[in-house]
Amino acid sequence: MPQTHKTLYTGKAHTAGGGDGSSRRDDGRLDVKLFAPDTSLSGTWNVLGVLIEFLAGPGDTQSDTALVRGTMRGGLIVPLHSHAEQELIYVVGGSLEVFLETHGWHTVGVGEVAVIAGNKKHALRNATAGDVTTIAFTGGDLYNFFRDLAVPAEPNQYPAITPSTPEQMKELLETNAKYGYWLASREENAEIGIHLPG
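Nothing here was measured: the structure is a model prediction, and the numbers come from that model.

Visitor: In this structure, what is going on with the packing of aromatic side chains? I would like to understand it.
Guide: Under the criterion given, the structure shown has 6 aromatic pairs. Their ring planes at 90° and their centres at 5.8 Å tell us that phenylalanine 145 and tyrosine 179 sit as a pair that is edge-to-face. Of this pair, phenylalanine 145 sits in helix H2 (residues 140-149) while tyrosine 179 sits in helix H3 (residues 166-179), and the two are 34 residues apart along the sequence. Residue class for phenylalanine 145 comes out buried when judged on its relative accessible area of 7%.

See the structure below:
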């Protein structure tokens, strides 16, 4: 029995330059710039007590978007705050509690996404004894905010919740001001059930 083949599209492409090069078709229908991934932040980092892996930054995506993996140990809280960029948090392990100023607290389970609009006050907490693992899709400024505060950490070795010293608090406040982010007061956190240590 004869086989029938249908050719949908053919052409020749010239690729040069490796990770910082380009690939172009001879007919002009493809013109792609290639880029090398940013490996300066490979590994696991501590960002205010959350273990972070920088999966893709604006330099990798060639846009103002970024992707990070986060692991929150049991009992960890991210206090009430806001930032201009939208944040999408996909839960891949555990159960995350999310506070949104328009909806209050709700639980986001495995396979679910928390959509946090820009400039909306929100907080996160892991009220369980186990880990919560998330993948967050956000913009370049928030990615760079995380980078500015990141210190090296070892996987599965939980860091102390920071800032735990006056110097770390000063760095957080200065970095926050640099990006124009809003942080709630101790009293505002208490109103939504978050009681920060003295």
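Visitor: What am I meant to see in the environment of tyrosine 90 here?
Guide: Residue placement: tyrosine 90 occurs in strand S8 (residues 87-93). Residue class for tyrosine 90 comes out partly exposed when judged on its relative accessible area of 37%. As for tyrosine 90 and valine 113, which are separated by 23 residues in sequence, their C-alpha atoms are 4.4 Å apart. Excluding its chain neighbours within four sequence positions, the residues that come into contact with tyrosine 90 are Gly111, Glu112, Val113, Thr133, Thr134 and Ile135.

Visitor: I'm lost on the sheet that holds strand S15 (residues 182-183) in this one. Help?
Guide: Paired through their backbone hydrogen bonds, the strands of a sheet run either parallel or antiparallel. What the 5 strands build is an open sheet, ordered S10-S9-S12-S7-S15; its pairing is antiparallel. The two strands at the open ends of the sheet, each matched to only one other strand, are strand S10 (104-108) and S15. For strand S9 (residues 96-100) and strand S12 (residues 122-125), the ladder comprises 4 bridges, and the chain directions are antiparallel. Residue glutamate 97 lies in a different strand from S12, and its bridge partner there is arginine 125.

Calculation criteria
Just so you know, the residues in each chain are numbered from 1, in the order the chain's sequence is written. This being a predicted model, a pLDDT of at least 70 is required before a residue's local features are given, and a value of 80 or more before pairs of side-chain atoms are given or counted; all residues contribute to the totals for chains, interfaces and linings. With hydrogens and water set aside, each side-chain value is computed from the structure's full complement of heavy atoms. Note on ring pairs: Phe, Tyr and Trp rings are taken, using the six-membered ring of Trp, and paired if centres are within 6.5 Å. Classes follow the plane angle, with under 30 degrees stacked, over 60 edge-to-face and the rest tilted. A run of H or I in DSSP counts as a helix once it spans at least four residues, and a run of E counts as a strand once it spans at least two, with each numbered from the N terminus. For every residue, the accessible area obtained with a 1.4 Å probe (protein chains only) is divided by the maximum for its type, and the residue is called buried under 20%, exposed over 50%, and partly exposed between those limits. Note on contacts: a residue pair is in contact if any heavy atoms of the two residues lie within 4.5 Å. Only strands joined by at least two bridges in the DSSP assignment are considered to pair.

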